[in-house]
Amino acid sequence: MFWLKTELWTAEVVYTGFGTPMLQGAIAVQGKHVVGQGPLEELKRRFPEAEVVPKGKALFPPPVNAHTHLDLSLHPRYQGPFPGFIPHVVAHREKRGLEAARKGLEELLASGVGAFADIVFHDEVMAFLLEESPLPGVAYYEVFAPDPSVAEEVFGRVRAKVEAWRRKEGRVRVGLAPHAPYSVSAPLLRKLAQYAQAEGLPLMVHAGESPEEVAFLLRGEGPLAEVHRRFSRTPWEPPGLTPVRYLHALGVLGPGTALVHGVQVDEEEARLLAETGTKVVLCPRSNAGLEVGEAPLALYARHGVEVALGTDSRASSPDLDVKNEALSLSGKADPRLLVRALTRGGYRALGLPTPRLTRGSPTSLVHSL
């Protein structure tokens, strides 16, 4: 009789998709399938003839890239102060579209992710993702409309598009992405949030990303004031609130909402995010390139905020491999927290079940870092 050789794959952190990520854990493998999982010493007793095979920093189910802009995949990368980023994207707008999204999706597939979240600017990209994506995920339709005088008009147009797209959902669901607190007017933010909550639509918003955003919301100061004047006929009246407090006051936070970046967040705001069930998607390499600071990982851990990881776009990140986001945070947080963010946190942010590595699982589902 032919007996398959057993190996015990181990790493600094082993996560099987449920429970708590393990230190000194392992996954037992025979051929191309998982035959056991648990503490390394326990598996050694169960499989005394097995070879122990170190696999690096971590073993886990397929990761999630919880924040991308695939249609920016042909943009040159911008590195520099945050206020220059939006002009950079606008200056290369001819590169944005379906061709870039196709290239970005190919890169996502090559990175081995199990799911993704994309911010969609063009209608043709939404159609492409709904019809052709082999990966599950959420395609969030981006809304950029800072002028409150057109809130009703924009909302009606957005709702009509979303209702049509939802009839075509398959692997990919449709969501809404009000761009940011400084680029979507208060009445439109409120309407979009209410609509999303009533219809069970996922919501994603960039917020707490930069000091410039905070200054603009608190006092109407800084370079974002010029961005607002460029796109709005109505003068800006600052709410005098920080980004997370402002979104909370408008009813945007909640269990169906993912807040992207979350760098400029204090302790009270972290508590608000936890209490409302809002998820936070961190993009540390993009944040570093745009010189906006580092997210308060310790605050999020202390208050139990569900954290995920995303790469952001090729316009601000060197690649779309979300595992590199976790590696960039190595040494700055408990490695178990980072592995959970890379997997379960991402799936929960997208409202998807986390794949589990159990007896019978193919080894192709086992990823390493």
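Scoring rules and cut-offs
Residues numbered from 1 in each chain as written. Predicted model: local features only at pLDDT ≥ 70, side-chain atom pairs only at ≥ 80, totals over all residues. Heavy atoms only, no water. Core = buried A, V, L, I, M, F, W, Y, C linked by side-chain atoms within 4.5 Å. Buried < 20%, exposed > 50% of the residue type's maximum accessible area, 1.4 Å probe, protein only. Domains from an automatic or database assignment. Contact = heavy atoms within 4.5 Å. Pairing = 2+ DSSP bridges. Helix = DSSP H or I, 4+ residues; strand = E, 2+ residues; numbered from the N terminus. Axes fitted to C-alpha atoms, helices over the stretch in contact; angles between N-to-C directions. Phe/Tyr/Trp six-rings, centres within 6.5 Å; stacked < 30°, edge-to-face > 60°. Lys NZ or Arg CZ within 6 Å of the ring centre and 35° of its normal. Buried area = accessible area lost by both parts, 1.4 Å probe.

- An unreviewed UniProt entry annotates the protein chain as Amidohydrolase originating from Thermus tengchongensis.

**A look at the nonpolar core**
Considering soluble globular proteins, one finds that nonpolar side chains tend to be buried as a cluster.
Argument step 1. Ranked by internal contacts, the top residues of the largest apolar core, which has 71 residues, are Leu129, Leu176, Leu188, Leu273 and Tyr300.
Argument step 2. Looking at which domains feed residues into this core, each of domain 1 (6-60 + 356-368) and domain 2 (64-350) gives three or more.
Argument step 3. Setting aside residues no more than four positions away along its own chain, Tyr300 makes contact with Gly262, Val265, Ala270, Leu273, Val280, Leu282, Ala295, Val305 and Val307.
Argument step 4. Membership of the second largest hydrophobic core comes to 17 residues, among which are Ala115, Ile119, Tyr347 and Leu350.

**With respect to the sheet that holds strand S7 (residues 58-60)**
Argument step 1. Across the sheet, 4 strands lie side by side as S3-S2-S7-S16; this open sheet has mixed pairing. Unpaired on one side and paired on the other, strand S3 (22-23) and strand S16 (367-368) mark the two borders of the sheet.
Argument step 2. Pairing of S7 with S16, which is carried by 2 bridges, proceeds in the antiparallel orientation. In the sheet register, Leu59 faces S16, and the bridge partner there is Ser368.
Argument step 3. Each of strand S2 (13-14), S3 and S7 touches helix H14 (residues 335-350); the most contacted strand, S7, lies at about 30° to it.

**Brief notes about the packing of aromatic side chains**
Argument step 1. Under the definition given, this model contains 5 aromatic pairs.
Argument step 2. Taken together, a centroid distance of 4.6 Å and an interplanar angle of 15° make the contact between Phe216 and Trp236 stacked. A residue pair is termed long-range when its members are at least 10 positions apart, and Phe216 in helix H7 (residues 211-219) and Trp236 in the loop between helix H8 (224-231) and helix H9 (243-249) qualify at 20 residues.
Argument step 3. Given the relative accessible area of 0%, Phe216 is considered buried.
Argument step 4. Just above the ring of Trp9 sits the side chain of Lys55; from NZ or CZ to the centre is 4.3 Å.
Argument step 5. Here the basic side chain of Lys191 rests over the ring of Phe155, its NZ or CZ set 5.6 Å away from the ring centre.

**Describing the domain arrangement of the protein chain**
Argument step 1. Splitting the protein chain by domain gives domain 1 (6-60 + 356-368) and domain 2 (64-350).
Argument step 2. Of note, the centres of domain 1 and domain 2, computed from C-alpha atoms alone, are 34 Å apart.
Argument step 3. Across the boundary between the two partners, domain 1 contributes 10 residues, which contact 11 residues of domain 2.
Argument step 4. The junction of domain 1 with domain 2 conceals about 920 Å² of combined surface from both sides, 75% of it contributed by carbon and sulfur atoms.
Argument step 5. On the domain 1 side of the interface with domain 2, the three residues burying the most area are Tyr15, Pro21 and Phe60, jointly 44% of the side's total.

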